[in-house]
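Residues per chain are reported as follows:
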Amino acid sequence: MSTVQPAPLELKVAKRAPEGIVLAESAARRLARLSEVEGRPVLLRVAVEGGGCSGFQYQMDLVETGEDDDLRVETDGQTALVDPVSVPFLKGSEIAWIDELAGAQFVIRNPNAATSCGCGVSFSIL
């Protein structure tokens, strides 16, 4: 009689940049899919700008290349770029992709945000 050994449990945790910023697997999967559809690599540029109803707002764009001084946050071969001015506002944040009834979008889960607006695009910091 032989016994079946269960496969070892494999946990994957996205690697955090030194500043604690992480690109979630959900966002990496979405970027991979967008790159596949576009037929070329697509990077997600994340920035923080003044404005919005709460004081600051996130700006996200799909780009082909980054700048030399960008922070590169990588997961599963996919990359998010953060400019040096935005890094302090995003320390410890997670960049994720959500697909819900209300819509599908990249989101920032930012532990530094004291308040945010209903849409989640603008925020304030203490």
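Note that this is a predicted model, so its numbers are computed, not measured.

With that settled, the discussion passes to the overall build of the protein chain. Counting its secondary structure elements, the protein chain contains two helices and nine strands. Shown N-terminal to C-terminal, the secondary structure of the protein chain runs as helices and strands in the order β-α-β-β-β-β-α-β-β-β-β. Expressed as a percentage of the 126 residues in the protein chain, the buried residues total 38%. Partitioning the contacts of the protein chain with sequence separation of at least 6, the portion at a separation of at least 24 is 50%. Accessible surface computed for the protein chain: about 7,900 Å², of which carbon and sulfur atoms make up 53%.

The subject of this paragraph is the sheet that holds strand 6 (residues 94-100). Strands in a sheet are paired, the pairing made by backbone hydrogen bonds, and the direction either parallel or antiparallel. Read from one edge of the open sheet, three strands run 1-6-7, paired in mixed fashion. This sheet does not close on itself; its edge strands, each paired only once, are strand 1 (22-23) and strand 7 (103-109). Direction of pairing for strand 6 relative to strand 7: antiparallel, over a ladder of seven bridges. Pairing of D99 across the sheet is with A104, part of strand 7. In this fold helix 1 (residues 25-38) packs onto strand 1, strand 6 and strand 7, with an angle of close to 70° to the strand it touches most, strand 6.

For the protein chain, the mean per-residue pLDDT works out to 84, and 74% of the residues sit at or above 70. Helix 1 holds the highest mean pLDDT among the elements of the protein chain, 97, whereas strand 9 (residues 122-125) holds the lowest, 62.

Here the structure, examined in full by the defined rule, presents two aromatic pairs. Centre to centre, the rings of W97 and F106 are 4.9 Å apart; their planes meet at 70°, and the pair counts as edge-to-face. Both residues of the pair, W97 and F106, belong to the buried class.

Moving on, we get to the pattern of salt bridges. Per the stated rule, a full pass over the model turns up six salt bridges. A salt bridge links D70 to R45, with the shortest nitrogen-to-oxygen separation between them at 2.5 Å. Of the two residues, D70 sits in the loop between strand 3 (56-63) and strand 4 (71-75) while R45 sits in strand 2 (residues 43-50), which places them 25 residues apart along the sequence. Look at D70 and you get buried, because its relative accessible area is 10%. The closest approach of N and O atoms between R72 and E74, which form a salt bridge, is 3.5 Å. Take R72: its relative accessible area is 43%, and that puts it in the partly exposed class.

This part is about the side chain of S93. Relative to the helices and strands, S93 is located in the loop between helix 2 (87-90) and strand 6. At a separation of 3.3 Å, a polar atom in the side chain of S93 contacts the side chain of N110.

A word on the pairing of strand 6. Pairing of strand 1 with strand 6 involves two bridges; the strand directions are parallel. Residue pairing for strand 6: L23 is matched across the bridge by I95. Here strand 6 folds back onto strand 7 in antiparallel fashion, the turn holding two residues.

Conventions we followed
In this numbering scheme, every chain counts its residues from 1 along its sequence in written order. Given that this is a predicted model, residues contribute local features only at a pLDDT of at least 70 and side-chain atom pairs are listed and counted only at 80 or more, while totals for whole chains, interfaces and linings are drawn from all residues. Side-chain calculation: all heavy atoms of the structure are included, whereas hydrogens and water are not. Secondary structure elements are defined from DSSP: runs of H or I of at least 4 residues count as helices, runs of E of at least 2 residues count as strands, and each element is numbered from the N terminus. Only protein chains enter the accessibility calculation, which uses a 1.4 Å probe; a residue whose area is less than 20% of its type maximum is buried, one above 50% is exposed, and one in between is partly exposed. Residue contacts follow a heavy-atom distance rule, with two residues in contact if any of their heavy atoms lie within 4.5 Å. To measure how exposed things are, a 1.4 Å probe is used in the Shrake-Rupley method; for residues, cover is taken only from the protein chains shown. Any two strands with at least two DSSP-identified bridges between them are counted as paired. With axes taken as lines fitted to C-alpha atoms, and helix axes fitted only over the stretch in contact, angles between N-to-C directions fall between 0 and 180 degrees. Looking at any residue, its pLDDT shows the predictor's confidence there, from 0 to 100. Aromatic contacts are taken between Phe, Tyr and Trp rings whose centres are within 6.5 Å, Trp giving its six-membered ring; a plane angle under 30 degrees counts as stacked, one over 60 as edge-to-face, and the others as tilted. Between Lys or Arg on one side and Asp or Glu on the other, a salt bridge is scored when a side-chain nitrogen of the former is within 4 Å of a carboxyl oxygen of the latter. Polar contacts, as counted here, are pairs of nitrogen or oxygen atoms within 3.5 Å of one another; within protein the pair requires one atom able to donate a hydrogen and one able to accept it, and residues that are adjacent in sequence qualify only if both atoms are side-chain atoms.

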